[in-house]
Amino acid sequence: MPGETEPVDVTIVDGRVAAIVPAGTAVDFGRSTARPTPNTATLRPTSSRNDNDAVSPEGVGSGPVERIDLDGRWVIPGLWDNHVHFSAWAAVSRRLDVSAARSAGETVALVREAVERGAGAAGSVSATSLSGMSSAASAEGSAGAVGAATGVPASVARAGVGGDGNVLVGFGFRDGLWSDEPTAVALDAVSGDRPVVLVSGDLHCCWLNSAALARFGRAGHPTGVLREDDAFAVQRALDDVPAATVDAWALDAARAAAARGVVGIVDLEMTWNHEVWQRRAAAGHDLLRVEFGIYPQHLDRAIAEGLRTGDVVDDAGLVRVGPFKVITDGSLNTRTAYCFDEYPGLEGRPNSRGLLTVPPAELRDLLERATSAGFVPAVHAIGDHANRLVLDVFESVGCAGSLEHAQLLDLADVPRFAALGVVASVQPEHAMDDRDVADRFWAGRTDRSFALASLLEAGATLALGSDAPVAPLDPWITMAAAVGRTRDGREPWHPEQRIPAEAALAASTRSGTRIRVGAPADLAVTDADPLAAAPGAPGDATADAARLRTMPVALTLLAGRPTHRAL
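What you are looking at is a predicted structure, and each value in this text was computed from that prediction instead of being measured.

Caption draft 1: Structural detail: unusual backbone geometry. Ala468 connects to Pro469 through a cis peptide bond whose omega is 15°. By the element assignment, Pro469 lies in the loop between strand S20 (462–464) and helix H15 (475–484). The backbone of Phe450 sits at a positive phi, close to 50°, despite the residue not being glycine. As for its placement among the helices and strands, Phe450 is situated in the loop between helix H13 (429–441) and helix H14 (452–457). Residue Phe450 is classed as buried on the basis of its relative accessible area of 1%.

This is the structure:
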């Protein structure tokens, strides 16, 4: 197991860890009276460098026996991504990748090339695989329901990739440091009458040409750049893809996640996720555990249907109701994260400190209603002022939950997470994407940005995630960013906020760093010990992070059932 060298046998019966014993001493549960159920699989993963280490699925009683040689690999708890937008992540590799653009002009050039080659039918312009996507490249119901929920007219709610297929959809631009401005006019010059929608890498902004503005009910918009709720409305319309199509994409994404040792996700897609995941489960999607979010626009429906956080909603027991999600401010790259200080260059302008999209009184009412109905809150806050206000509401309501992102914190608020029982749900890879824009717009405050070490030292519980498609759905990338605070050979950014690999792994599982008897056999097998120092570089966090970022995963088990095997 991670951090250890002595081999053990791990026996799995009925999808749970039944025993952990020294290698070679495992009980044959197939002939034990402890669990006499016929044909129960018994798996014996071990974790030392001994060449005899193996996983041995054995049929109970007279069933068949299979022995899989692990060849000195390590067994760890299965990994969770605690914040994803799964359908958006599944779709992103089918969209035009504009993440490499360093200016509005470069982005327009990429759109011109796509239009000229006729790319983008049904939004499918990129063949980038989900499992191989770099961080820089990553990123309901009926039309009437979409229109009602988003403000996009129902007559145009199917104009996205699930409609006539003519909309060119791109993803990944980050304009925080551009010297030129994105405008509809600039896109018009290269796209003609073809609608173009570019979604920002942080999901909080959309850049549309005039044809798309007209298509999505925003004709006459002065710039073509929509932010926050207006941007989310367009994205929800774009995501109205035929169920069979998006579900096929989701299955591909689940396979890619399982190949990285992932056993579960918290899906915070902005739709009625109950229907989506019941449909997928009924169709046989069984590669991941899923906890799905409920948004304010769906709270009445969720309460009416008797849903509560933790409820199982599928026959296999893999899909559960997750948290009640509220978004209270924007993001750094769009300069809408709600901060105490004004953004440089925006002084004296409206919203110069960002946008508070849900005021405290409204948030308090929402959380009181949701918690009384059995939901656990998950509240988005990025700016330091937004984080302060959200913690104030958690304290006044007297409930636990999670604060999603917590990117910029006032130091006085750091100990409040532990005191209030609020989980800090953070996406460390965002720090690697945002470090330059943070240095510009949060100058003098970045020592308390992505303050993982400070939170950990103050006793906070960390839950790590990706916010995919904002960053890749790959917990190893997430852990690497938390441990190293660096990427692409750059100097570490605020290395004082690094956390140990053990803490990063614990925040990426549901059972810490060790597998335990009686727990569900949700496990991953890695080619190297994730808690060991990089060879030849003891004490070098940068080297440790580089090793984590590309950690090979040989086997993933969900309740003892292989969901990925590369042995």
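Caption draft 2: Fine view of the pattern of salt bridges. Under the criterion given, the structure shown has 32 salt bridges. In this structure, Asp175 engages Arg227 in a salt bridge whose closest nitrogen and oxygen atoms are separated by 4.0 Å. With Asp175 in the loop between strand S10 (168–173) and helix H4 (184–191) and Arg227 in strand S13 (residues 225–227), the pair connects residues that are 52 residues apart, well separated along the chain. Exposure remark for Arg227: the relative accessible area of 29% places this residue in the partly exposed category.

Caption draft 3: Local environment of the pairing of strand S8 (residues 79–84). Here S8 lies mainly inside the structure; six of its six residues are buried. Both S8 and strand S14 (residues 262–267) contribute to a ladder of four bridges, which runs parallel. Residue pairing across strands places Leu79 opposite Val262, the latter belonging to S14.

Caption draft 4: The arrangement of the nonpolar core in detail. Of all hydrophobic cores here, the largest spans 118 residues; its most connected members are Phe86, Val197, Leu367, Phe375 and Phe417. Beyond its immediate stretch of four places on either side in the chain, Phe375 contacts Ile294, Leu299, Ala302, Ile303, Leu307, Arg308, Thr309, Val321, Gly322, Phe324 and Ala370. In this structure, Val98, Ala114, Leu187 and Val225 belong to the second largest nonpolar core, which totals 16 residues.

Caption draft 5: The packing of H15 against helix H17 (residues 541–549), seen in detail. The N-to-C vectors of H15 and H17 enclose an angle of 175°; their axes lie 8 Å apart at closest approach. Taken together, H15 and H17 sit at an angle that is classed as roughly antiparallel. Across the interface between the two elements, Trp476, Ile477, Met479, Ala480, Ala481, Val483 and Gly484 from H15 touch Ala541, Asp544, Ala545, Leu548 and Arg549 from H17. Of the residues belonging to the contact of H15 with H17, the class tally is nine nonpolar, one polar and two charged.

Caption draft 6: Fine view of the sheet that holds S10. Read across the open sheet, the five strands follow the order S9-S10-S11-S12-S13; overall the sheet is mixed. Every interior strand has two partners, whereas the edge strands, strand S9 (96–97) and S13, have only one. Strand direction decides the pairing type here: strand S12 (residues 205–208) and S13, joined by three bridges, are antiparallel. Residue pairing in the sheet places Cys205 in a bridge with Arg227 of S13. Where H4 meets the sheet, it contacts strand S11 (196–200) and S12, and its direction lies at approximately 50° from that of S12.

Caption draft 7: Main features of the pairing of strand S17 (residues 377–381). Across the five residues of S17, five count as buried, placing the element largely inside the fold. The pairing of strand S16 (residues 319–327) with S17 spans four bridges and is parallel. Counted as the bridge partner of Lys325 is Ala378 from S17. At this point the chain moves from S17, through helix H11 (residues 384–397), to the parallel strand S18 (residues 401–405), and the crossover so formed is right-handed.

Caption draft 8: Just the environment of Asp529, in detail. Along the chain, the position of Asp529 falls in the loop between strand S21 (523–526) and H17. Residue Asp529 is classed as buried on the basis of its relative accessible area, which comes to 6%. The spacing of Asp529 and Leu548 is 19 residues in sequence and 9.5 Å in space, taken between C-alpha atoms. Among all residues touching Asp529, those that are not within four sequence positions of it are Pro2, Gly3, Glu4, Trp74, Arg547 and Met551. A distance of 2.9 Å separates a polar atom in the side chain of Asp529 from the backbone nitrogen of Gly3. A polar atom in the side chain of Asp529 sits 2.9 Å from the backbone nitrogen of Leu531.

Calculation rules
Residues numbered from 1 in each chain as written. Predicted model: local features only at pLDDT ≥ 70, side-chain atom pairs only at ≥ 80, totals over all residues. Heavy atoms only, no water. Helix = DSSP H or I, 4+ residues; strand = E, 2+ residues; numbered from the N terminus. Buried < 20%, exposed > 50% of the residue type's maximum accessible area, 1.4 Å probe, protein only. Salt bridge = Lys/Arg side-chain N within 4 Å of Asp/Glu carboxyl O. Pairing = 2+ DSSP bridges. Core = buried A, V, L, I, M, F, W, Y, C linked by side-chain atoms within 4.5 Å. Contact = heavy atoms within 4.5 Å. Axes fitted to C-alpha atoms, helices over the stretch in contact; angles between N-to-C directions. Parallel < 35°, antiparallel > 145°, perpendicular 65-115°, else oblique. Nonpolar A, V, L, I, M, F, W, Y, C, P; charged D, E, K, R; others polar. Right-handed = clockwise from strand over helix to strand, strands pointing away. Polar contact = N/O pair within 3.5 Å; in protein donor to acceptor, adjacent residues only side chain to side chain.

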